[in-house]
Amino acid sequence: MTVLLVLLLLLPAAAAVAAAWSPARAVRPLAVAAAGLTAAGAVWAVLTVGSGPYRELFGELPWLEGIADSVVLGVLLDPLAATLLLVVTVIGFLTVLYSTAYLSTANRAHATSEEDQPRYYFWLLAFLASMTGVALAPNYLQLFIFWEITTVCSYALISFYRDRDSLRAGFKALVMTG
């Protein structure tokens, strides 16, 4: 189970990196596949765990001995985390799916060139990975780290079009959520 939960974090993160380096025509299928596999894995993890909590801690930081006695890294899947995980991954998949049609040159209001799409899908998949991290965080340190990553991703997604209004809105979101 630990491997599956860690893969739910790593799959969209790895796909985000791949999307940044992929040609524009390959980004959409990559993003849909990664988000779909993440959502399917989340559903499977929640069904496998059931109603009981699953907690696995790993990764010690020896230089914090005496300051923080607990293990710093890990995953937690309890009923609340399961609910948030399902909401995040399923809505994330639907967002990626919707974006494949919305981000195009055919969109009259916000025409998007093929060259800009890898950047968009990088930030969208990174946002999905960080929100999955928020859902699975077993402690406040991980929650804080993943929350701050969502803040940076939100800024990049809101200011995607790079015009004056979107940059202003992105900065406002950065200040308010950071």
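Above: the structure in question.
A brief look at the structure comes next. (Residues numbered from 1 in each chain as written. Predicted model: local features only at pLDDT ≥ 70, side-chain atom pairs only at ≥ 80, totals over all residues. Heavy atoms only, no water.)

Taken as a whole and assessed by the stated rule, the structure comprises 5 aromatic pairs. A centroid spacing of 5.3 Å and a plane angle of 70° characterise the contact between Tyr120 and Phe160, whose relative ring orientation is edge-to-face. Of this pair, Tyr120 sits in helix α4 (residues 117-136) while Phe160 sits in the loop between α5 (140-158) and α6 (164-177), and the two are 40 residues apart along the sequence. Here Tyr120 and Phe160 have matching classes, each one buried. (Phe/Tyr/Trp six-rings, centres within 6.5 Å; stacked < 30°, edge-to-face > 60°. Helix = DSSP H or I, 4+ residues; strand = E, 2+ residues; numbered from the N terminus. Buried < 20%, exposed > 50% of the residue type's maximum accessible area, 1.4 Å probe, protein only.)

Another aspect to go through is empty space enclosed by the protein. Scanning the entire structure with this criterion turns up 1 cavity of 30 Å³ or more. Roughly 30 Å³ of internal volume is contained in the largest cavity. If you trace the largest cavity, you find it lined by Val46, Val49, Gly50, Ser51, Gly52, Leu77, Asp78, Pro79 and Ala82. Of all the secondary structure elements, the ones that give two or more residues to the lining of the largest cavity are α2 (24-49) and α3 (79-102). In the lining of the largest cavity, the residues fall into 5 nonpolar, 3 polar and 1 charged. (1 Å grid on protein atoms, 1.4 Å probe; cavity = no way out; pocket = protein on both sides within 12 Å on 5 of 7 lines; lining within 4 Å. Points joined across faces, edges and corners; volume = space filled by probe spheres on them. Nonpolar A, V, L, I, M, F, W, Y, C, P; charged D, E, K, R; others polar.)

Throughout the structure, instances matching the rule amount to 1 salt bridge. Between Asp116 and Arg119 there is a salt bridge, with its nearest N and O atoms 3.8 Å apart. For Asp116, a relative accessible area of 29% translates into the label partly exposed. (Salt bridge = Lys/Arg side-chain N within 4 Å of Asp/Glu carboxyl O.)

The contact between α3 and α4 brings their axes to 8 Å, and the two run at 170°. As far as their axial angle goes, α4 and α3 are roughly antiparallel. Facing α3, whose interface residues are Ala81, Leu84, Leu85, Val88, Thr89, Gly92, Thr95, Val96, Ser99 and Thr100, α4 presents Tyr120, Tyr121, Leu124, Leu128, Met131, Thr132, Val134, Ala135 and Leu136. Class assignment of the residues belonging to the contact of α3 with α4 gives a composition of 13 nonpolar, 6 polar and no charged. (Axes fitted to C-alpha atoms, helices over the stretch in contact; angles between N-to-C directions. Parallel < 35°, antiparallel > 145°, perpendicular 65-115°, else oblique. Contact = heavy atoms within 4.5 Å.)

The next thing to look at is the nonpolar core. Among the nonpolar cores identified, the biggest contains 19 residues, and Val96, Tyr120, Tyr121 and Leu125 are the most heavily contacted of them. Sorting the residues of this core by element identifies α1 (2-21), α2, α3 and α4 as the ones contributing at least two each. Per-element tally for this core: the top contributor is α4, with 7 residues. Excluding anything up to four places from it in sequence, Tyr121 contacts Ala19, Val27, Arg28, Ala31, Val96, Ser99, Thr100 and Leu103. In this structure, Leu9, Val46, Leu85 and Leu136 belong to the second largest nonpolar core, which totals 17 residues. (Core = buried A, V, L, I, M, F, W, Y, C linked by side-chain atoms within 4.5 Å.)

The computed volume of the largest pocket comes to approximately 210 Å³. As for the largest pocket, its lining consists of Val87, Val88, Ile91, Gly92, Thr95, Val96, Tyr120, Leu124, Phe127, Leu128, Met131 and Leu157. At the level of secondary structure, the elements contributing two or more residues to the lining of the largest pocket comprise α3 and α4. If one sorts the elements of the lining of the largest pocket by residue count, α3 sits on top with 6 residues. Looking at the lining of the largest pocket residue by residue, the classes come out as 10 nonpolar, 2 polar and no charged.

The next point concerns unusual backbone geometry. Positive phi is not limited to glycine here, since Arg162 has a value of about 60°. With respect to the element layout, Arg162 can be found in the loop between α5 and α6.

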